[in-house]
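Breakdown of the fold
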Amino acid sequence: MQTNTCCFFGHRTINETEELKIKLTAAIERLITEEKVDTFLFGSKSRFDALCLELVTRLKEKYPHVKRIYVRAEYPEITDDYKKYLLESYEDTYYPENIKGSGRAVYVERNYEMIDQSRFCIVYYDEGGAPTTRKSGTKIALDYAVKNEREIITFAVEKSK
């Protein structure tokens, strides 16, 4: 675990509001200024990941030392052109060796990798929006982060009563 690292994970679709953006920005900035977080790990395939990347990128203007790292769940080997493309948005990218051969669980394993490397996790979890036909990947990652005693900042939508 890296004490100066934070990862993000959440649902593919989110209720994106100005209030969410403001709260997320404040949480990220607090990690940078108070907890000395300088490395942020991102996955893909979700609007939450994309939103967090946008917000960290904006904050990078104020805190240029911050690093954005894309942890790939696909393409163990990438071309120089694809890497160049990724490095337009990130300072680095890598494919974790330990997720090779994970098959359909590759995104779960990639999330575990990000959690293992992080002290903090910023999570968007909507219990009511989680899939009903299978276990939510976000819920699996959240349970893993709790079990591994990560400091979790959750942006959750309360289930209607």
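Everything that follows concerns the structure shown earlier in this document.
This is a predicted model, so every value here is computed, not measured.

Cut-offs used in this document
Numbering of residues starts from 1 in every chain and runs along the sequence as written. Given that the model is predicted, a residue must reach a pLDDT of at least 70 before its local features are reported, and side-chain atom pairs must reach 80 or more before they are shown or counted; all residues, however, enter totals for whole chains, interfaces and linings. Water and hydrogen atoms were dropped before computing side-chain values, which therefore reflect all heavy atoms in the structure. Ring pairs shown here join Phe, Tyr and Trp side chains whose ring centres sit within 6.5 Å, with only the six-membered ring taken for Trp; geometry is labelled stacked below 30 degrees between planes, edge-to-face above 60, and tilted in between. Strands are runs of DSSP state E lasting at least 2 residues, helices are runs of H or I lasting at least 4, and numbering of each runs from the N terminus. A simple rule labels every residue: compare its accessible area, found with a 1.4 Å probe on the protein chains alone, to the largest value its type can have, and call it buried under 20%, exposed over 50%, or partly exposed in between. Here the term right-handed applies to a crossover when the path leading from its first strand over the helix to its second strand runs clockwise, the strands being oriented away from the viewer. Pairing between two strands requires that DSSP report at least two bridges joining them. The working definition used for a salt bridge is a side-chain nitrogen of Lys or Arg within 4 Å of a carboxyl oxygen of Asp or Glu.

Once that is clear, we can look at the packing of aromatic side chains. Inspection of the entire model under this criterion finds 8 aromatic pairs. Where Phe-8 meets Phe-40, the ring centres are 5.8 Å apart and the plane angle is 20 degrees; that geometry is what we call stacked. In this pair, Phe-8 is assigned in strand β1 (residues 2-10) and Phe-40 in strand β2 (residues 39-42), connecting sequence segments 32 residues apart. Phe-40 sits in the buried class, given a relative accessible area of 0%.

Here β2 shows a buried face lined by Thr-39 and Leu-41 and a second buried face lined by Phe-40 and Phe-42. Running through helix α1 (residues 18-34), the crossover from β1 to the neighbouring parallel element β2 is right-handed. Note that β2 and strand β3 (residues 67-71) share 4 bridges and pair parallel. Bridge pairing in β3 places Phe-40 opposite Arg-68.

Next up on the list: the pattern of salt bridges. Enumeration over the complete set of coordinates arrives at 15 salt bridges. Residues Lys-100 and Glu-97 are paired through a salt bridge, measuring 3.4 Å at the closest nitrogen-oxygen approach. The exposure class assigned to Glu-97 is exposed, which follows from its relative accessible area of 57%. As a salt-bridge pair, Glu-151 and Arg-119 come within 2.9 Å of each other at their nearest N and O atoms. On the criterion of sequence distance, the pair formed by Glu-151 in strand β6 (residues 151-157) and Arg-119 in strand β5 (residues 118-126) is long-range, its members being 32 residues apart. Judged by relative accessible area, which is 36%, Glu-151 ranks as partly exposed. A network of salt bridges, in which partner residues are shared, links Glu-16, Glu-18, Lys-21, Arg-47 and Glu-54.

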